[in-house]
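# Observations on chain architecture
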Amino acid sequence: MPSAAVVNIGPQDGHVAKRQKLGTNDAPRTTRQESKIFAPFRTIGLVSSTLVPFTSVPLGRTTFQITTSVGRCLQTYDLKRGLQLVFLTRPQTPEVITATVAWKDRVFAAWGGTEKSGLQGLWVFKRGKKVYELELPEDLNEPINKIMIFGTWIVGCCTKRIEVWKSATYEHYTTLFPTSAPQGEHELTGGIVNMPTYLNKVFAGRKDGSVEIWNLSSGKLIYTLLPPMVDSGAVTALQPTPALSLLAISYSNGPLIIHNIRTDKTVLRFKGGNAESPITSISFRTDDMGAGEDGRKPGVMATSGPHNGDVTFWDLNGGGRVMGILRGAHNPPSSAQATVGGGVSKVEFLPGQPVIVTSGLDNSLKSWIFDETPYSAVPRILHSRSGHAAPVTQLQFLPSDADGADKGGKWLLSAGRDRSLWGWSLRRDNQSTELSQGSIRKKAKKLGILANTTLASEPSTTLEDLKAHEIICMASCLNRDGGMGANAGSGHIWQKGQTAHKAPTDATVSGSTGWESVVTGHREDKYARTWFWGRKKAGRWAFETGDGGYVRSVALSPCGTFAVVGSKLGGVDMFNLQSGQHRQRFPSRLTPAQAKKLRLEQLQALESGIDVTSKPRKSFPRGMGKHQKSVTGIVVDSLNKNVITCSLDGHIKFWDFSTGNLIDEINWAPLVAITGIRYHASNDLIALTCDDLAIRVVDTETKRTIRELWGCQKSINDFCFSNDGRWIIAASQDCIIRVWDLPTGHLIDAIRMETQCTALAFSGTGEFLATTCEGQIGVNIWNNKTLFTHVPTRHISEDEIANISAPTVSGEGGRGMVDGAFDDAVSDTQNSAPMDSLEQLSVEMMTLSMVPKSRWQTLLHLDLIKQRNKPTEAPKVPEKAPFFLPSLENPLPVTASEAAKIDENKVERSRIMRMGGIWNGDAFTVALRSGSESEDYTPFITHLRTLPPSAADLAIRSLSSSTERNEQSELTSFIQALTSRLRARRDYELVQAWMAVFLRLHSDAISHDSEVVSALGEWRQCQEKEGRRIGELIGFCNGVVPFLRNPLG
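Residues numbered from 1 in each chain as written. Predicted model: local features only at pLDDT ≥ 70, side-chain atom pairs only at ≥ 80, totals over all residues. Heavy atoms only, no water.

## Thoughts on the overall build of the protein
Secondary structure assignment for the protein yields 14 helices and 59 strands. Split into buried and exposed, the 1049 residues of the protein put 49% on the buried side. Pairs at least 24 apart in sequence give 54% of the contacts found in the protein among residues at least 6 apart. Carbon and sulfur atoms form 53% of the exposed surface of the protein, whose accessible area is close to 51200 Å². (Helix = DSSP H or I, 4+ residues; strand = E, 2+ residues; numbered from the N terminus. Buried < 20%, exposed > 50% of the residue type's maximum accessible area, 1.4 Å probe, protein only. Contact = heavy atoms within 4.5 Å. Areas by Shrake-Rupley, 256 points an atom, 1.4 Å probe, with all protein chains shown as cover.)

Next comes the structure, spelled out in structure tokens:
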């Protein structure tokens, strides 16, 4: 980045100091610390994305607040409001949160402790704000895995130690170390719990299967509970039962026992899990209901683990039994290499309620309720908050509909590897929802998937397999979206084939209610599928590609009626969204007669020795022109006239929308293969990404390449236009997001991310940029700073690309539009320096003035404007004046003081008139005469530029042809002033306008004055010389620029 150097300007220069961009060698470069255009705002789509279990606390007698961890931030939800987000903690922790607990009106969060950073802490939050930080021992170098608060104690459990604080003062009290054992058997794997009535006692589960009982007050080990069997394994979970002195203990190899602490005897023993799927979470129902045949008895226990998505419910009466299994409560992990998260991280009954809350590794938080009438041993879903369970791969802001209902750009569509399609609201978080793909759980029950007990070992039995394949492309248009009232037809979704389940009345009814508005293409699937956006569900149709190839790209027409599907084999087909019928193929099908005629033409050309491909340009045979490779992009122009497709074969083809005929093409083969296309309707430009790492911008009217944007070092993952079409934003595999300015072709901004950005989208309002990175299940939202501050379009180099942190869930460190609007404007001082004001860059360049165009155009047509503005008739006297106005026939009497003032004004005006006779001219005439004497007309031209059109016209009219004291006439001086300006190659358009007005007003006086005629001849020679020079330059540019724009031929 060019730095600034200070140039001292003396007072004698008389110029205003401006900023000058210096060369690259003038000063050392510096690296920017923030993006010039985008500021981090927040991250959306995260609910429970980590292994840290949620924590809950009752809020009075009416509701519960549930807090989850999403990395370095906590999110609190209100159960009564349907799990509505109420708090986000700020500031975010320096490292990832490892344990949380809610206590009264506060939430405690432990973070850090890993070997990478060494930073660690325990913070206290109240209503989302940090209120205190607990002091940690200096020798603590391992993370706190669990926090528990009871009585006067705050207890933190680490892997090899237990830390204790006072809850009243937050001061550190003591550290407890488990008894040593070989091979790390003393590690605390089961966490810690406290039991009612056991004052100052804490129970800690160890890796060797034993449970230690510690007295926190004295810091002594009181007793050790031994495992029930030698091969029980490590303790994985501890939970006290509602009955006093009974503790539930689960082990890694499967055993689950209810142990009496007072007698040290096992009361109940179950085979709850196995070594591959141990139980890690236990909870008991406390409303004294749910067990027995009719659900009227107490004694219900729920267990779960992270290796499957099931929750098991136990009836502890009569020796204990499994009373029901909630299959697929959360996504089960399909395999060790699965990209879709799954498993249950925690299950908890709310105190005194028939409600159970579960959180899963599939980024979801759910509440379930037990029905009493009719009785059910398995709960039903009550509330749910979730997001993508796998990394996001596609992003698109929903466009506004024809009525402008969604013009605010609040909705963002996202697709992920979990085979789901989500709609995110940027205004109200609780409005975000997943678009339904039908009753997945009902289908699973019919197929017997939910009855299978080996979900984790059989990937084909997961719930995700009942969904459509991963979405790889999507398009949307709301102009014919019917909202919630859209007709869904017979209710069948994604009907395949031409006649399957298609009622004859479907198209008729949907014509009045609206139809689908989103279409998606899926990985290794030959069907493109439709979606109802208003109903937030899957649509009626599944469109099959005409050549049987997999869907590679999709598009919707601007009218919202047609969907265009591109195939991996090169075929392009168009379907009607209202009826689901196939409407066109690109190229169009030939009738037998047309095919026969085409074959005859080819044979005749072959016999005559004429190359078949040597046809005149713009002439393509009907039915010919199919892409030879995968169609990587499709767009439909704003008027539904043309369909534009691109392919890996290096061709860009322009098809007639109605006939399906090829009307034009651009051939870049074999130099490049085209991997993507974007269209901006306002300026009719298309941008195309190529495998040579360039982005080429083509004008659809002229079919010319107008820009080539270089800079990406690796393949381009995604790109888009800005809302006004001025920028192109691209994300590549070199982990950089780049922004180019189309008018200048400059790379004006770039953001270096920690991981590569896989998808991005720009909102239609220009407010937000949405991005997602590799392996990330959330969506990052960035603010556009140009809405409230000026951004220069200076080109930046690769060395100036800033390393910028991505947005956070809490929004900390982000900037909103309101914040930016009140920021003081900061100039780019690193790249500028004081310099003399340059009104002309070079004397070889013809320079225009900075006078507004409307001013000199008004001067040219001033007479016409006055004639047009002339009143059509004279003003009329009102028939009867209002009663409060005096009559002109009987005016009001004038007082003596007013009469004296009138006489004084008359005397003053007379004095001014007498002085006017002595004054020889106004400022215009004085400046013109002064320039004639000094031969420097710059002050005169400067004064004339400041005059409004009417004043300039009057001044030119007042020019006199008479001479005084052997001086040249004002007409001659005026012509010489314009000639000098023309020689200086400045104010070209003003000189032409002034001369046109001058010739029109003084044409009669010019012909009688030889001196004026001579001056006009000199002006004409200078004018013709400059005209020839400019014409030669324009001709040169007209030849060179098109050649440089289209280097590929």
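What follows continues from the structure just given.
## So, the nonpolar core
Counting residues in hydrophobic clusters, the biggest one holds 34 residues, and the most contacted among them are Phe940, Phe974, Trp994 and Phe998. Among the elements of the structure, helix H5 (853–860), helix H8 (923–934), helix H9 (938–946), helix H10 (949–957), helix H11 (970–983), helix H12 (988–1001) and helix H14 (1010–1045) are those that each provide at least two residues to this core. Take this core: its biggest share by element is seven residues, from H12. Contact partners of Trp994, with chain neighbours within four places excluded, come to Leu859, Ile941, Leu944, Arg945, Ile956, Phe974 and Leu978. (Core = buried A, V, L, I, M, F, W, Y, C linked by side-chain atoms within 4.5 Å.)

## Some details on the packing of H11 against H12
One way to put it is that H11 packs onto H12 with a least axis distance of 10 Å and a crossing angle of 155°. Taken together, H11 and H12 sit at an angle that is classed as roughly antiparallel. The handedness of the crossing between H11 and H12 is left-handed. On H12, the residues that touch Leu971, Phe974, Ile975, Leu978, Arg981 and Leu982 of H11 are Tyr988, Val991, Gln992, Trp994, Met995 and Phe998. Grouping the amino acids of the contact of H11 with H12 by side-chain chemistry returns ten nonpolar, one polar and one charged. (Axes fitted to C-alpha atoms, helices over the stretch in contact; angles between N-to-C directions. Parallel < 35°, antiparallel > 145°, perpendicular 65-115°, else oblique. Left-handed = near helix turned anticlockwise from the far one by under 90°. Nonpolar A, V, L, I, M, F, W, Y, C, P; charged D, E, K, R; others polar.)

## A closer look at the packing of H5 against H10
Orientation of H5 relative to H10, taken along the N-to-C sense of each, is 45°, at an axis distance of 9 Å. For the element pair H5 / H10, the angle class is oblique. Every pair of crossing elements has a handedness; the one defined by H5 and H10 is right-handed. In this structure, H5 contributes Arg855, Thr858 and Leu859 to the contact, and H10 contributes Pro949, Ala952 and Asp953. Classifying every residue of the contact of H5 with H10 by side-chain character gives three nonpolar, one polar and two charged.

## Digging into the pairing of strand E48 (residues 685–690)
Across the six residues that make up E48, a large majority, six, are buried. Side chains Leu685, Ala687 and Thr689 of E48 all project onto a buried face; the interleaved residues Ile686, Leu688 and Cys690 project onto the opposite face, where all are buried too. What sits between strand E47 (residues 674–680) and E48 in their antiparallel hairpin is a turn of four residues, with Asp684 showing a positive phi close to 55°. Between E48 and strand E49 (residues 695–699), which follow one another and run antiparallel, lie four residues, and Leu693 among them has a positive phi close to 70°. (Pairing = 2+ DSSP bridges.)

## Points about the packing of aromatic side chains
In total, this model carries 24 aromatic pairs according to the counting rule given. For the ring pair Trp103 and Phe108, a centre distance of 6.3 Å and an interplane angle of 55° mean the geometry is tilted. Exposure remark for Phe108: the relative accessible area of 0% places this residue in the buried category. Put simply, the rings of Trp103, Phe108, Tyr132 and Tyr170 touch in pairs and so form one group of aromatic residues. Directly above the aromatic system of Trp411 lies the positively charged group of Lys536, at a separation of 5.4 Å from the ring centroid. Directly above the ring of Trp533 sits Lys536, whose terminal nitrogen or CZ lies 4.1 Å from the centroid. (Phe/Tyr/Trp six-rings, centres within 6.5 Å; stacked < 30°, edge-to-face > 60°. Lys NZ or Arg CZ within 6 Å of the ring centre and 35° of its normal.)

## Focus on the pattern of salt bridges
In total, this model carries 38 salt bridges according to the counting rule given. Here Glu470 ties to Arg523 by a salt bridge, and the two come within 3.3 Å at their closest N and O atoms. Placement of Glu470 in the loop between helix H1 (440–447) and strand E35 (471–476) and of Arg523 in the loop between strand E36 (518–522) and strand E37 (527–532) is noted, with a sequence separation of 53 residues between them. Judged by its relative accessible area of 42%, Arg523 falls in the partly exposed class. (Salt bridge = Lys/Arg side-chain N within 4 Å of Asp/Glu carboxyl O.)

## Here's the deal with unusual backbone geometry
Residues Phe586 and Pro587 are joined by a peptide bond in cis, for which omega reads 0°. Inspection of the secondary structure puts Pro587 in the loop between strand E42 (582–586) and helix H3 (592–607). Here the bond from Ala669 into Pro670 is cis, since omega is 0°, no more than 30 degrees from zero. Looking at the element boundaries, Pro670 is found in the loop between strand E46 (662–667) and E47. Residue Asn200 is not a glycine yet carries a positive backbone phi of 60°.

## Looking at the environment of Thr758
Here Thr758 shows up in strand E55 (residues 757–762). Taking the C-alpha atoms as reference points, Thr758 and Cys735, 23 residues apart in sequence, are found 9.2 Å from one another. Here the side chain of Thr758 touches Val392 through a polar contact of 3.5 Å, landing on its backbone oxygen. (Polar contact = N/O pair within 3.5 Å; in protein donor to acceptor, adjacent residues only side chain to side chain.)

## Let's talk about the side chain of Asn363
As for its position among the elements, Asn363 is in the loop between strand E28 (355–360) and strand E29 (364–369). On the basis of relative accessibility, which here comes to 1%, the residue Asn363 falls in the buried class. Polar side-chain contacts of Asn363 include one of 3.2 Å to the backbone oxygen of His388. Leaving out residues up to four positions away in the same chain, Asn363 has contacts with Gly45, Leu46, Val47, Ser48, Ser49, Arg385, Ser386, Gly387, His388 and Ile777.

## Side note on the confidence of the model for the protein
Taken residue by residue, the protein gives an average pLDDT of 84. The fraction at 70 or more is 84%. Within the model, pLDDT remains below 50 along residues 1–31, and this stretch shows 65 contacts once partners closer than five positions in the same chain are excluded. Here residues 825–837 is a poorly scored stretch, pLDDT under 50, and it has 43 contacts once near neighbours within four places are set aside; other chains count. (pLDDT = per-residue confidence, 0-100.)

## A few points about the sheet that holds strand E57 (residues 779–784)
Pairing within the open sheet is antiparallel, and its four strands lie in the order E2-E57-E56-E55. Two strands close off the open sheet at either side, each with one partner strand: strand E2 (38–44) and E55. Direction aside, the axes of adjacent strands within the sheet are offset by 25° on average. Bridge analysis of E2 against E57 gives six bridges, and the strand direction is antiparallel.

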